[in-house]
Amino acid sequence: MGTFSFGSLLRNAMAGHKDWPRQWRAPDPKPAYDAIIVGAGGHGLATAYYLAKEHGVRNVAVLEKGWLGGGNTGRNTTIIRSNYLWEESEALYDHAVKLWEGLSHELNYNVMYSPRGVLMLAHNIHDIQVFKRHVHANRLAGIDNEWLTAEQAKEFCPPLNIAPGMRYPVLGAALRRRGGVARYDAVAWGYARAADRLGVDIIQNCEVKGIRRDANGAVTGVETTRGDIATKKIGVVAAGHTSVVMSMADVRMPLESFPLQALVSEPVKPVMPCVVMSNTIHAYISQSDKGELVIGAGTDQYISYSQTGGLHITTHTLDAICELFPMFRRMRMLRNWGGIVDVTPDRSPIIGKTPVPGLFVNCGWGTGGFKATPGSGHVFAATIARDEPHPIAAPFTMERFVTGRLIDEAAAAAVAH
Amino acid sequence: MSDMAQPNRLPAGGAIEGRVDRNRPLAFTFDGKSYSGYAGDTLASALIAAGVKLIGRSFKYHRPRGIFSAGPEEPNALIELRGGARREPNTRATTIELYDGLEAASQNRWPSLAFDILAINQIASPLFVGGFYYKTFMWPASFWEKVYEPLIRRAAGLGRASESPDPDHYEKAYAFCDVLVVGSGPAGLAAALAAGRSGARVILCEDDAQLGGRLLSERQTIDDAPAHLFAAAAGGELRSLPNVCVMSRTQVFGAYDSEVYGALERVADHVTAPAAGVPRQRFWHIAAKRCVNAMGATERPIVFGGNDRPGVMLASAVRTYLNRFGVLPGRKAVVFTTNDDGWRTAADLVAAGAQVEAVVDPRASVDENLTKAAAAGGVRVLLGGYIVNVTGGARGVTSAIVSVAGKRQILTADLVAVSGGWNPQVALTTHRGGKPRWSDALSTFVPGDLPDGMTVAGAANGDLGLAESLRKGSEAGAAAAAACGFSAAPAPQPRAEDEPTAVAPLWHVAESRHKAFVDLQNDVTADDITLAHAEGFRSIEHLKRYTTLGMATDQGKTSNLNGHAMMAALTGQAMSDVGTILSRPPHQPVAIGAFAGHHRDRHFRPTRHTAGHAWALENGAVMVEAGPWLRPQYFPRSGEKDWLTTVVREVRTVRSVVGVCDVSTLGRIDIQGRDAAAFLDRVYVNTFSTLPVGKARYGVMLREDGFVMDDGTTSRFAEDHYVMSTTTANAAKIMQHLEFCHQALWPELDVSMVSVTEQWSQYAVAGPKARELLMQLYGPDVDLSNDALPYMGCREIPLRGIPTRLFRISFSGELAYELAVPARYGAAVLEALMALCGALGGCPYGTEAQSVMRIEKGHVAGNELNGQTVARDLGLGRMMSTKRDYIGRVMAGRPALMAPDRPTLVGIRPVEKGRRLTAGAHILPGGAAAVAANDQGYVTSVAYSPTCEGWIGLALVVNGPARHGERVHAFDAMRNNDQDVVICSPVFVDPEGVRLRG
């Protein structure tokens, strides 16, 4: 298996690129595995990678009903930040940010992590008060987060409109400098390639149809469209469809699924130096390396598995983009799509064990799962390998909805729900 | 040719002369050089007429590119249109109507189009294969952020966006019809005529400025006359029908749920700038019972070496340039076609006086009529042949290398016309998830599952023949109208012929050894497909993402099918198993500003004014946003040095005399019905069924998860009639919540509710002289004594014939009332109130003074009702009924939400007298290190209290109520305002409530 480098690129270029191996194999499922991960999105692939890399569990299969990275990993707006409100979330997301920093080298795959700064705009007195509280909470947790005046925000992001005549003028902003974006496909592919090299079987077009359990209720395997596979540990990482998979083991999840839309503009030369988010007027935006403006909208109001979403939601978001960036009004929207996000009552994820022995779940990332990918996979792998929650994952159990020990990040969500 | 300025314009009066208006010459510039064209030209046809071949540089390799198509599928001829604030990058020259003074510039090149430094990328191109960037740019690690990424970003991105706000404006409009017909080619016109003649309300949308579609580009006949005359006549008839609306220059870009179609009308894109008051574009939501999709088809190219050179053009585009625009894209042509349709291009070129070197067709045999006609025109026929390479450069094609039966020959040519067959425009059928179906007969995908209400006719459905298109269109139009209840006697079909359309699939000339492009705009080559296959990116979604195939601004209109078929050949899969990428709306890119329309600047969202707004402004109020409303924040008087001075005066006046505050923005919901009381008992934590008529009660509502959602007073005016008040911010949300509860949870309850926020104006009258003021207002006949209207009482009292409601409720802690009057009397009553108030020595007060007084009194507001607090946290736990069930009860009882160590409401005062407190500071134990582990809560609200003569605050602190008197630390590194504070009771003023009962 070749290692990626400029040298290997050069050698292959001279050889007409005929010798590149597959980046991952296309194996048939074996009869049994030590662990099975359901869902080959970024979180699932990262889980498999860390299981193999850090816990020596290499006899692992990742089952994917479609093609790897084809769910929310391939549909999101790629924002990475860790300026969350609660200590538990700060620990989780900051764990991820630290892994992001070295991920390209870790995976030998350029995931193009680009910490260009995330600005969160305040438009009214309430926003200012909430953000300042956030800044303090983050400072206490040792996470960088700064408060900028409107003028400083404009200096950081020149296209931003801070005119006082706006309906909701920009009054200031919180800036997370090490927040940014990454190339979402590369994250899935990089983890897939690295996991595959460690012996993990990534099995695409293989839909889980049932979960088998013994007399004690413990898992013994899965039924799939490509046959039955035995295993004693199953990690479900199926994003919007987690509830469906978990119901196969009679576990009812505290999740609701909503369509969430995003869109891109035509590509242009660099105009947008950072990420800008506005909860109050519902928009977030950055520019990809290819030059497209990447714009995120809010969720639909009603639960649904439709991957389209309403025209009025897009319209509402583009109103806000035009308001914040009047110079983008003439740019053109190129593509508009939707994904399904799974949302918990406190807007924080669920990572951990379940009432079913051998069944683990990692879900509920709502509108903001991409940023956590490496951290989520890392702590979930440890949880599966040791059969006990990783310390960072420990607060994110399902039981918290029974005990009430919630991690309420609704106020910190990217866009108000 | 006749015209020096337009060397490639066919002479007027020839066999083929086109239909531009030669009496209306138009001047334009490209890269600063002046040219001329005619009305009816596109920018592309005018550039061809002028002999300009090099239009742009490609995305990655900076290869010279020319004009490839004659429509919206154009991948190559992308330019920056207009300048300054109106600059539009990535604009397709093939869709721009020429206008006088048009300015265009090439893009993605430096220093000039002819000499582009980054063309050096072609030499290094072996490195720049699909996905190369995932494999490198990682060493040294710090270089990605600092060096590589900035370089990549500068190199990528095609044109330059405008750097100033768009000076134009956009409109939104809504239309409703029985039958929407999309496209005005033969099928669309026939459908619109059939539906229109039946009396149905029809909207016909055509992207082009002229109706007719391919009828404008072909030398076909209908009813023995040139086909374009049929289009003109049909257009005339449709425009004359009162029930038909013809919208040209209107692109239907998306199909959405509930049979809603998004459409963009280009109102003023064909002129230099919109006239005053005219929008640039209009964004239509069209709700149609039925839709006949007649969007036609797009010709697909063939992948072979050098197929990107300027002068390689779609065969149908060549015919469009000849027949519609009267311009000659080349003088010496080779036609490379896999289907009968392509042969027509040879015939038309010959008719226009061009030399056609050969028709190259990979099929071993074709219809005899085709070869005979070619021979008659002096055209060589090379059956079983392929073009393996095209040579040339920035000046265009110089030759085509053709392989026939293993033998190569070089044909000199400056034009290569290519046809690989036709792809129906399935986009609109897939926007709602429909999957297209593979057709072996046409070697392409045709519409499969259709969205509700849509039928597809003509070439869009794979019916390529003219007669068939007309017939199927007519049937679809009649059927759509019939589905809406309209019928008409069938009209005779126009006479037309079905020309031969046989096709054999050929995606890629495998013999080609030179760069062969699959996706011209994103520079995806045949080798990239092979590489993607080798590396395992075999699903078409992986292929797309790894190579960027089909991800350019044309969404793969000319590239997807070829790329997918090439992958299918490599994997050995059938195309029906491979499937295709579902296209996303919009079908063609749409300006972001068009979505926003006039929702910009002050009109971004509605601004709501209370009836007292004008009075407040006249009296110098400083206004503040409160949700969608504007409210007076404070009323400065001359001589007051800052806002704090004003607020202190307002508070003192209220506490010592009287003040009036406009509280009309609070939500009010009128709730009536036999079960109104039972309904309220289920939504509030406390009981409202026991509330006597004529009384008000403070209520708290929880979300399903047990957290506090909202609070407010609700008053009972009759057994079956309550008026609820909500916070300003949550007014709409609570209304929605109540409706949900009633409609989804308890439909059996006999209760109705309506928001009456806008129907009533409401004024708080607070202070020791509040009663006196109101007695003066109502006159001596109304008894407002403590017995007649006690604390928490409410009454309906007429005021000079106006129905008013008077509530004895207090947010300030003073003797206070809220007076509600119908909103149309709001301004008058406010003026009357303020006159009396002023005479008593009182004053108006705003939200700041209101906030100071509620903090002094320890009342919670938005900062404490932040969605993260339960009733107990706010000291409201005792309100929660233990006898009955209500929303949120069970979840609020979860152990961690009952735990004493939750942050709970307290008051705080600075240790250092006179020091200012700041909200958002976090509370740490005294002397503890500033780390998250020591975080014990935070300061929610602060105010300067004139009553306490110092800063006070409310905070949520772990174990709060047990810690009154404890000295803790307020951490505020951001504003350098770290300080010690003392925890105290949250009620700073009149804890016994003597004043409000006075």
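Scoring rules and cut-offs
Residues numbered from 1 in each chain as written. Chains lettered and ligands numbered in written order. Predicted model: local features only at pLDDT ≥ 70, side-chain atom pairs only at ≥ 80, totals over all residues. Heavy atoms only, no water. Contact = heavy atoms within 4.5 Å. Buried area = accessible area lost by both parts, 1.4 Å probe. Salt bridge = Lys/Arg side-chain N within 4 Å of Asp/Glu carboxyl O. Polar contact = N/O pair within 3.5 Å; in protein donor to acceptor, adjacent residues only side chain to side chain. Helix = DSSP H or I, 4+ residues; strand = E, 2+ residues; numbered from the N terminus. Nonpolar A, V, L, I, M, F, W, Y, C, P; charged D, E, K, R; others polar. Pairing = 2+ DSSP bridges. Axes fitted to C-alpha atoms, helices over the stretch in contact; angles between N-to-C directions. Phe/Tyr/Trp six-rings, centres within 6.5 Å; stacked < 30°, edge-to-face > 60°. Buried < 20%, exposed > 50% of the residue type's maximum accessible area, 1.4 Å probe, protein only. Lys NZ or Arg CZ within 6 Å of the ring centre and 35° of its normal. 1 Å grid on protein atoms, 1.4 Å probe; cavity = no way out; pocket = protein on both sides within 12 Å on 5 of 7 lines; lining within 4 Å. Points joined across faces, edges and corners; volume = space filled by probe spheres on them. Core = buried A, V, L, I, M, F, W, Y, C linked by side-chain atoms within 4.5 Å. pLDDT = per-residue confidence, 0-100.

The interface is formed by 99 residues belonging to chain A together with 116 residues belonging to chain B. For the pair chain A and chain B, the two sides together bury roughly 9700 Å², of which 58% comes from carbon and sulfur. Together, Leu140, Arg167 and Arg330 of chain A form the three largest contributors to the area buried by chain A at its contact with chain B, with a combined 11%. One can count eleven salt bridges joining chain A with chain B. In this structure, Arg330 of chain A and Asp166 of chain B form a salt bridge, with 2.8 Å as the shortest nitrogen-oxygen distance. Viewed at the interface, chain B and chain A are joined by 64 residue pairs in polar contact (both at pLDDT 80 or more). Those elements giving two or more residues to the side of chain A that touches chain B turn out to be helix 1 (6–14), helix 4 (103–107), helix 5 (125–140), helix 7 (184–197), helix 9 (311–324), strand 17 (332–343) and helix 11 (400–403) of chain A. Top element by residues in the side of chain A that touches chain B is helix 5 of chain A. It accounts for ten residues. Taken together, the residues that form the side of chain A that touches chain B break down as 50 nonpolar, 24 polar and 25 charged. Pairing of strand 17 of chain A with strand 31 (residues 590–591) of chain B, which is carried by two bridges, proceeds in the antiparallel orientation. Across the sheet, Arg332 of chain A pairs through a bridge with Ala591 of chain B, a residue of strand 31 of chain B.

Moving on: the sheet that holds strand 39 (residues 752–755) of chain B. Residue and element names in this part refer to chain B. Spatially, the five strands line up as an open sheet ordered 36-37-38-35-39, and their pairing is antiparallel. Edge strands, defined here as strands with exactly one partner in the open sheet, are strand 36 (696–702) and strand 39. Direction aside, neighbouring strands of the sheet carry axes that sit 25 degrees apart on average. With six bridges connecting them, strand 35 (residues 667–672) and strand 38 (residues 721–726) associate as antiparallel partners. Paired with Gly667 across the strands is Thr726, a residue of strand 38. Across the sheet, helix 17 (residues 676–683) touches strand 35, strand 36, strand 37 (708–718), strand 38 and strand 39, and the angle it forms with strand 38 is around 30 degrees. Across the sheet, helix 18 (residues 731–745) is in contact with strand 35, strand 36, strand 37, strand 38 and strand 39; its angle to strand 39 comes to roughly 165 degrees.

Moving on: the packing of aromatic side chains. Scanning the model with the defined rule gives 38 aromatic pairs over all chains in all. With 5.0 Å between their ring centres and 70 degrees between their planes, Trp24 of chain A and Phe537 of chain B make a pair best called edge-to-face. Of this pair, Trp24 of chain A sits in the loop between helix 1 and strand 1 (35–38) while Phe537 of chain B is found in the loop between helix 10 (526–534) and helix 11 (540–547), placing the two residues in two different chains. The buried category is assigned to Phe537 of chain B, whose relative accessible area is 0%. Consider the rings of Phe137 of chain B and Tyr148 of chain B, whose centres lie 5.0 Å apart with planes at 45 degrees: the pair is tilted. With Phe137 of chain B in the loop between strand 7 (102–105) and helix 2 (143–155) and Tyr148 of chain B in helix 2, this pair connects stretches of sequence that are eleven residues apart. The ring of Tyr168 of chain A carries the charged tip of Arg167 of chain A above its face, separated from the ring centre by 4.5 Å. When the ring centre of Phe517 of chain B is taken as origin, the NZ or CZ atom of Arg65 of chain B, which lies over that ring, is 4.8 Å away.

On to unusual backbone geometry, then. Residue and element names in this part refer to chain B. Between Trp139 and the following residue, Pro140, the backbone shows a cis peptide bond with an omega angle of -15 degrees. Residues other than glycine seldom take positive phi values, yet Gln555 does so here, at roughly 50 degrees. Judged by relative accessible area, which is 11%, Gln555 ranks as buried.

Turning our attention to the pattern of salt bridges. According to the stated counting rule, one finds 85 salt bridges over all chains in the structure shown. Note that Asp319 of chain A and Arg605 of chain B form a salt bridge whose closest N and O atoms lie 3.1 Å from each other. Pair noted here: Asp319 of chain A is in helix 9 and Arg605 of chain B is in the loop between helix 14 (592–596) and helix 15 (613–618), and the two residues belong to different chains. With respect to class, Asp319 of chain A is no different from Arg605 of chain B; both count as buried. For Arg214 of chain B, the salt bridge is made with Glu218 of chain B, and the minimal N-O distance between the two is 2.6 Å. A relative accessible area of 27% places Arg214 of chain B in the partly exposed class. Look at the salt bridges and you will find they share partners, linking Arg330 of chain A together with Arg82, Arg86, Glu88, Asp166, Asp168, Asp269 and Arg280 of chain B into a network.

With that out of the way, let us pick up empty space enclosed by the protein. Residue and element names in this part refer to chain B. What the rule picks out here adds up to 13 cavities of 30 Å³ or more. Taken as a whole, the largest cavity spans an internal volume of roughly 440 Å³. Within the residue set of the lining of the largest cavity, elements represented by two or more residues are strand 25 (422–424), helix 8 (427–430), strand 27 (444–446) and helix 12 (560–571). Of the residues in the lining of the largest cavity, the class split is nine nonpolar, 13 polar and four charged.

With that settled, consider the nonpolar core. Residues Trp100 of chain A together with Leu43, Phe304 and Leu349 of chain B are the most contacted members of the largest nonpolar core, which totals 174 residues. The biggest single contributor to this core is helix 7 of chain A, with nine residues. Non-local contacts of Trp100 of chain A, meaning those with residues more than four positions away in its chain, are made with Ile80, Val111, Tyr113, Ala182, Val187, Phe370, Lys371, Thr373 and Pro374 of chain A. Formed by 48 residues, the second largest nonpolar core is a distinct cluster that contains Met166 and Leu311 of chain A together with Tyr256 and Ala591 of chain B.

The next thing to look at is the confidence of the model for chain B. Averaged over all residues, the pLDDT of chain B equals 95, while 100% of them reach at least 70. Confidence estimates for the predicted assembly give a pTM of 0.93 and an ipTM of 0.95.

Residues and elements named next belong to chain B. Most of strand 13 (residues 250–256) sits out of view: seven of its seven residues are buried. Examined bridge by bridge, strand 13 and strand 14 (residues 260–266) share six bridges and lie antiparallel to one another. Bridge pairing links Thr250 to Glu265 in strand 14. Connecting strand 13 to the antiparallel partner strand 14 that follows it, the hairpin turn spans three residues, and Ser258 within it adopts a positive phi of roughly 65 degrees.

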